[in-house]
Amino acid sequence: MSVVSDLKDSRGLLVNLTLREVRGKYKRTLLGQGWSLLNPIATLLIYTLVFGFVLRVPVPVGEDSGLQVFVLFLACALLPWNFFNNAVSSGMGSLIANANLLRKVFFWRPTLVVATVLSLNVTFAIELGVLVVLLLVFGSMPLPWIPLLVVVVVLLTAFALGIALLLSIANVYFRDTQHFVTIGMQLWFYATPIVYPYQLIQDQAARMRAAGNDFPLETIYRLNPLERFVSVFRAMLYDNVMPYWGDLLFCLVAAVGSLVIGIVVFNRSQHRLVEEL
Amino acid sequence: MSSTPAVVVDEVSKRFRLYKERNQSLKAALMRGGRASYDEYWALRGVSFEIPQGSTFALIGENGSGKSTLLKCIARILEPEKGDIRTQGTVAALLELGSGFHPELSGRENVFLNGSILGMTKRELERKFDEIVDFAGIEAFIDQPVKNYSSGMYMRLGFSVAINVDPDVLLVDEVLAVGDAAFQEKCMEKFVDFRRAGKTVVIVSHAMGSMRTLCDQAAWLDRGSLVEVGRADQIVDRYVDKSHEKEVAPSSSATPASSDGATPDGAPVKTRIGSGEAILTDVTVLDAQGLPANRFRTGEQATIRISYECSERVERPAFALALDTVDGMRIWAHHTRDGGLDIAYIEGSGHIDLAIPSLTLQPYTFDLSARILDHTLTHTYDFLRHCYRFVVETGELRESGGVVALGGRWNADLPSIASEATV
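Calculation notes
Residues numbered from 1 in each chain as written. Chains lettered and ligands numbered in written order. Predicted model: local features only at pLDDT ≥ 70, side-chain atom pairs only at ≥ 80, totals over all residues. Heavy atoms only, no water. UniProt positions renumbered as here; feature names shortened; annotations may be inferred. Helix = DSSP H or I, 4+ residues; strand = E, 2+ residues; numbered from the N terminus. Rg over C-alpha atoms; globule rule 2.2 N^0.38 Å. Buried < 20%, exposed > 50% of the residue type's maximum accessible area, 1.4 Å probe, protein only. Areas by Shrake-Rupley, 256 points an atom, 1.4 Å probe, with all protein chains shown as cover. 1 Å grid on protein atoms, 1.4 Å probe; cavity = no way out; pocket = protein on both sides within 12 Å on 5 of 7 lines; lining within 4 Å. Points joined across faces, edges and corners; volume = space filled by probe spheres on them. Nonpolar A, V, L, I, M, F, W, Y, C, P; charged D, E, K, R; others polar. Contact = heavy atoms within 4.5 Å. Pairing = 2+ DSSP bridges. Axes fitted to C-alpha atoms, helices over the stretch in contact; angles between N-to-C directions. Buried area = accessible area lost by both parts, 1.4 Å probe. Salt bridge = Lys/Arg side-chain N within 4 Å of Asp/Glu carboxyl O. Polar contact = N/O pair within 3.5 Å; in protein donor to acceptor, adjacent residues only side chain to side chain. Patch = residues over 30% accessible without salt bridge, like charges linked within 9 Å, V, L, I, M, F, W, Y side chains within 5 Å.

Taking an unreviewed UniProt entry as the reference, chain A is identified by name as Transport permease protein belonging to Modestobacter caceresii. We quote the UniProt Sequence similarities (unreviewed entry) comment for chain A here in full: "Belongs to the ABC-2 integral membrane protein family."

Written as structure tokens, this is what we have:
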């Protein structure tokens, strides 16, 4: 497959572009890489205040861990979401941001998108590391799940990358894409059980059935791949249990599907890329 | 060295879309029921030629002739609509120096970044790092962020990385004019090394003088179509002649014809200053046959004729001429007093000639200015700036570069190919 050989050839470039993103992002800021942690911490605190204290979202008890801390419950889903959201939005803009480079040098174009997503993986890994330490402090035991966690992170990266590839090329031809995506991502955020437990959706579906409404709310709700990803992350980190195989399989299919579609669309649409930039 | 060409350009056509409404919005597209409407513009039309391995190849043509588009197609940055480009070996393009530098990163980090963008591996870069930094001459600043570099340093580092990629085919677009004279010399040396190593170089440039000497072969493009391919010196000469022909055409029609001796009224004037007691009615350059001409060859005979008209008797006037290159460099000036001609007075109308036995100018375009002054040379009666343009083309007397032909001869007590052949 030519994609594999292209990727192999541009390995060195990929590493360097990723390093550029990682190093360049917080250059000349006082806190440097600290910002990559401060941002999610601030979001976590705000959401905890709003949803934990004001709206009083019920906090489920961790199945094996016995945890009942809203911040941790939130963080186990919010950090993967943040990574996904950032990967899609920065990946989408990476071609336009590097227009100057694309116009002057030939290289394997997807490298730019991949490098952007990978650079966010670095931040994501640091965040997850901090989260694991916090979970340990609060009495959860996520360590045995770390190998599987890495696999799921890879799947989530592939899922995000596929979408980023698709949107990056769409954004070159239609600059409106990025604005639509901003709205879409907000919708997606609330359509995924991040700030609330899945239990609330189940309760709602039960109430609807009781009222004689047979709208398949749960089935539709569970079509969202991120719902599956979030469930898997929560199962491992918050509950310390084996995620459902069905969820893992769904994640795998979503990741592969997204990546294949992303690459195919990118390859098909890239021939006039430089002129349209 | 194999005989397969380094680059084969086969019937290449490239189309650009010129959008009537440059707004890539979904709303606009939906309202129109499709993509934005656009005009087609063919930047290249069925261009075919081959670039032999180990040659230095020039792409020449006016602005908008498609040279850079073609270069970008060879570099695979643009994809041609039709046709095919095949290249042998690795290709690197020097289209813009330092593109891809990240301003906040240090010179060192950027060397590795830019090098890998251009296709070098980490190991190669580590091996060549010192050479790159040394060549750019910025050792002291290598750990500073490149945004603090002067533009010269920035370009030099960019060039240095790019030239060290060591590709089989190097594509160069107008980047020879980088840095100071010393750095340019180093660049030229590097190009020569490159040629000696049997590598192929493709250059796009408007510096015809250096293209003529640097390149073996050239392709001349005009509005997207190939005009000619062949030996660089011949193609360059023909191209220069042709483009000057076009340049002169409008100005020669604006210059009033005076061969019939008629005084033109309402002659278009470029810049006119003076008190007006005597005015210049015409300034013309005549060829050996005494006919006004706009094109001369190096070494030809020429006469500059200044026609004047006086509204009153003007005592002791002086006539002056000055010659500028088309880009504004003053190369010559002469007036009647320095020429030993002291005119008592002028009245009515008449003309005065300056005979030039041999036009010792190299091929270029020149603008003539003329002036009538009083005998102190401080008061101007009339001054016409750039009132006559003429072109010098390659003639019998051929020298290698610059604007003047000194008619120098090489003498040496050394064996030469020519003398051996005649012995």
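Chemist: Which residues make up the overall build of chain A, and what values go with them?
Modeler: Regarding its fold elements, chain A presents 13 helices and zero strands. In chain A, the order of α-helices and β-strands from amino to carboxyl end is α-α-α-α-α-α-α-α-α-α-α-α-α. Taking 277 residues into account, the globule formula puts the C-alpha radius of gyration at 19 Å, and chain A, at 20 Å, falls close to it. Each of the three principal axes of chain A carries a C-alpha extent, and together these read 60 × 50 × 35 Å. The buried share of chain A, reckoned over its 277 residues, is 52%. Accessible area for chain A stands at about 12900 Å²; split by element, carbon and sulfur atoms hold 69% of it.

Chemist: Got a sec to walk through the layout of surface pockets? Specific residues and values, please.
Modeler: If you add up the space inside the largest pocket, you get close to 1200 Å³. Put simply, the parts of the chain that give the lining of the largest pocket at least two residues each are helix H1 (2–9) and helix H2 (11–25) of chain A together with helix H2 (67–74), strand E4 (82–87), strand E5 (91–94), helix H3 (107–117) and helix H4 (122–136) of chain B. Element by element, the count of residues in the lining of the largest pocket is highest for H2 of chain A, at four residues. Counted by class, the lining of the largest pocket contains 20 nonpolar, nine polar and 11 charged residues.

Chemist: Describe the side chain of Ser-269 of chain A, listing the residues and the values that go with them.
Modeler: Note that Ser-269 of chain A resides in helix H12 (residues 245–269). Here Ser-269 of chain A is in contact with Ile-169 and Tyr-173 of chain A, once residues within four sequence places are set aside.

Chemist: So what's going on with the sheet that holds E4 of chain B? Which residues, and what values?
Modeler: Residues and elements named next belong to chain B. Taken in spatial order, the three strands line up as E2-E1-E4 in an open sheet, and their pairing is antiparallel. The sheet terminates laterally at strand E2 (38–51) and E4, the two strands that pair on one side only. Going across the sheet, the axis of each strand differs from the next one's by a mean of 30 degrees, ignoring polarity. As defined by bridge partners, strand E1 (residues 7–19) adjoins E2 across 10 bridges and the pair is classed as antiparallel. Each bridged residue has a counterpart across the sheet, and for Val-7 the counterpart in E2 is Ile-51.

Chemist: Can you explain the interface of chain A and chain B? Please cite residues and give values.
Modeler: Listed as interface residues are 29 residues of chain A and, on the opposing side, 33 residues of chain B. Both faces considered, chain A and chain B share a buried interface measuring about 2900 Å² in area, 55% of it formed by carbon and sulfur atoms. Along the contact surface separating chain A from chain B lie one salt bridge. Measuring nitrogen to oxygen at the nearest pair gives 2.5 Å for the salt bridge that ties Glu-275 of chain A to Lys-14 of chain B. Along the contact surface separating chain A from chain B lie three residue pairs in polar contact (both at pLDDT 80 or more). Taken together, the elements giving at least two residues each to the side of chain A that touches chain B come down to H2, helix H5 (99–104), helix H7 (146–173) and helix H13 (273–276) of chain A. Looking at the side of chain A that touches chain B element by element, the count peaks at seven residues for H2 of chain A. Looking at the side of chain A that touches chain B residue by residue, the class counts come to 12 nonpolar, five polar and 12 charged.

Chemist: How would you summarise a nonpolar patch on the surface if you had to cite specific residues and measurements?
Modeler: Taken together, the side chains of Val-122, Ile-126, Val-130, Val-133, Leu-134, Val-137 and Phe-138 of chain A present a nonpolar region at the surface, about 570 Å² in accessible area. Inspection of the secondary structure assignment puts Ile-126 of chain A in helix H6 (residues 110–137).

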